[in-house]
Amino acid sequence: TWMIGEIIVQEAHGDDHGDDHGDDHGDDHGDMEMAHSDEPLMIEISSNTADAGEMLLVDVTFTTMSGESVSHINYNIVATQNGEVVLEENDVHDHDGVVEHMTAPLPAATSDDTPVEVKVTFNGYGMPGEEMTGPIGEVATKQVVPEFGTIAMMVLAVAIISIVAVTAKSRVVPRF
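Quick caveat: nothing in here was measured; it's all calculated off a predicted structure.

Q: I tried to follow the environment of Gly134 on my own but got confused; where do I start?
A: Checked against the element boundaries, Gly134 lands in the loop between β6 (116–125) and β7 (139–144). According to the relative accessible area criterion, Gly134 is partly exposed, its value standing at 30%.

Q: Looking at this model, I keep getting lost on the sheet that holds β7. Mind explaining?
A: The pairing of strands in a sheet happens through backbone hydrogen bonds and is either parallel or antiparallel. The strand order across the open sheet formed by 4 strands is β4-β3-β6-β7, and the pairing between neighbours is antiparallel. Across the chains shown, the open sheet's two edge strands, defined by having one partner strand only, are β4 (84–94) and β7. Sheet twist, expressed as the mean angle between neighbouring strand axes with direction ignored, is 15°. Of the pairings in the sheet, the one linking β6 to β7 comprises 6 bridges and is antiparallel in character. If you follow Val120 over to β7, its bridge partner there is Ala140.

Q: Explanation requested: the nonpolar core in the structure shown.
A: Proteins that are soluble and globular tend to have nonpolar side chains buried together. Formed by 24 residues in total, the largest nonpolar core has its most connected members in Phe62, Tyr75, Ile77, Val116, Val118 and Val120. Among the elements of the structure, β1 (41–47), β2 (57–64), β3 (73–81), β4, β6 and β7 are those that each provide at least two residues to this core. By residue number, the principal contributor to this core is β6, which donates 5 residues. Dropping the residues within four chain positions of it, Val116 is found in contact with Leu56, Ala79, Thr80, Gln81, Val86, Leu106, Thr110, Lys142, Gln143 and Val144.

Q: What exactly am I supposed to notice about the pairing of β4 here?
A: A regular strand places its side chains so that they alternate between the two faces of the sheet. Looking at chain direction, β3 and β4 are connected through 8 bridges and run antiparallel. Along β4, the bridge assignment pairs Ile77 with Glu89. Here β3 folds back onto β4, and the loop between the two strands holds 2 residues, one of which, Asn82, carries a positive phi near 55°.

Q: Got a minute to help me understand the environment of Val98 in this structure?
A: The topology assignment puts Val98 in strand β5 (residues 98–102). Here the alpha-carbon distance between Val98 and Phe62, two residues 36 residues apart in the chain, equals 6.5 Å. Once residues within four sequence positions are removed from consideration, Val98 is found in contact with Val60 and Thr61.

Q: Help me out: how do you make sense of the sheet that holds β2 in this one?
A: Taken together, 3 strands build an open sheet; the order of strands is β1-β2-β5 and the sheet is antiparallel. The sheet is open, and its two borders are formed by β1 and β5, each paired with just one other strand. Along the sheet, successive strands turn relative to each other by an average axial angle of 20°, direction set aside. Where β2 meets β5, 5 bridges bridge the pair, whose relative direction is antiparallel. Within β5, the residue paired with Leu57 across the bridge is Met102.

What counts and how
- Residues numbered from 1 in each chain as written.
- Predicted model: local features only at pLDDT ≥ 70, side-chain atom pairs only at ≥ 80, totals over all residues.
- Heavy atoms only, no water.
- Helix = DSSP H or I, 4+ residues; strand = E, 2+ residues; numbered from the N terminus.
- Buried < 20%, exposed > 50% of the residue type's maximum accessible area, 1.4 Å probe, protein only.
- Pairing = 2+ DSSP bridges.
- Axes fitted to C-alpha atoms, helices over the stretch in contact; angles between N-to-C directions.
- Core = buried A, V, L, I, M, F, W, Y, C linked by side-chain atoms within 4.5 Å.
- Contact = heavy atoms within 4.5 Å.

Here is the structure:
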């Protein structure tokens with residue numbers, strides 16, 4: 001009594017099951033995959049920083065351009081530091097598009113000079129062993145460096161020096 005439904009009865013069209021509106025005889029799982037394959041894919045790669053000998057946590061999130069989550073994602077991920085592979089996983093399959101990966105212990109601390117480069121290659125939407133759909137072969141990369149790298153420290157130093165210079169010229173002494 002709490003459910004409401006509608007049944008539409010139409011004349012059969014013989015062997016022609018497809019029309020301009022698509023095949024409505026598929027399951028919800030198939031319809032969901034097709035909806036994703038028509039829209040561009042967004043891959044967000046985020047991580048923390050780590051010192052030498054520590055493992056790095058790498059989060060990978062897949063969404064559509066409109067921000068909707070995607071499912072049945074297949075991809076490869078490789079992370080390197082100074083040419084050394086610290087994470088390599090091939091044929092990863094995920095159901096909700098949000099995955100955490102952990103690298104091997106890093107050979108050096110993450111810095112501007114020794115970033116960790118993360119590369120994700122999209123293999124398609126679908127279940128393993130089935131035909132894949134979507135922008136197969138798309139690649140996303142990101143370099144992991146500390147939040148307060150050399151450039152941030154230089155900007156901070158210039159700001160402090162500028163405040164001191166302006167204060168000295170105007171002879172106004174700030175009171176704390």
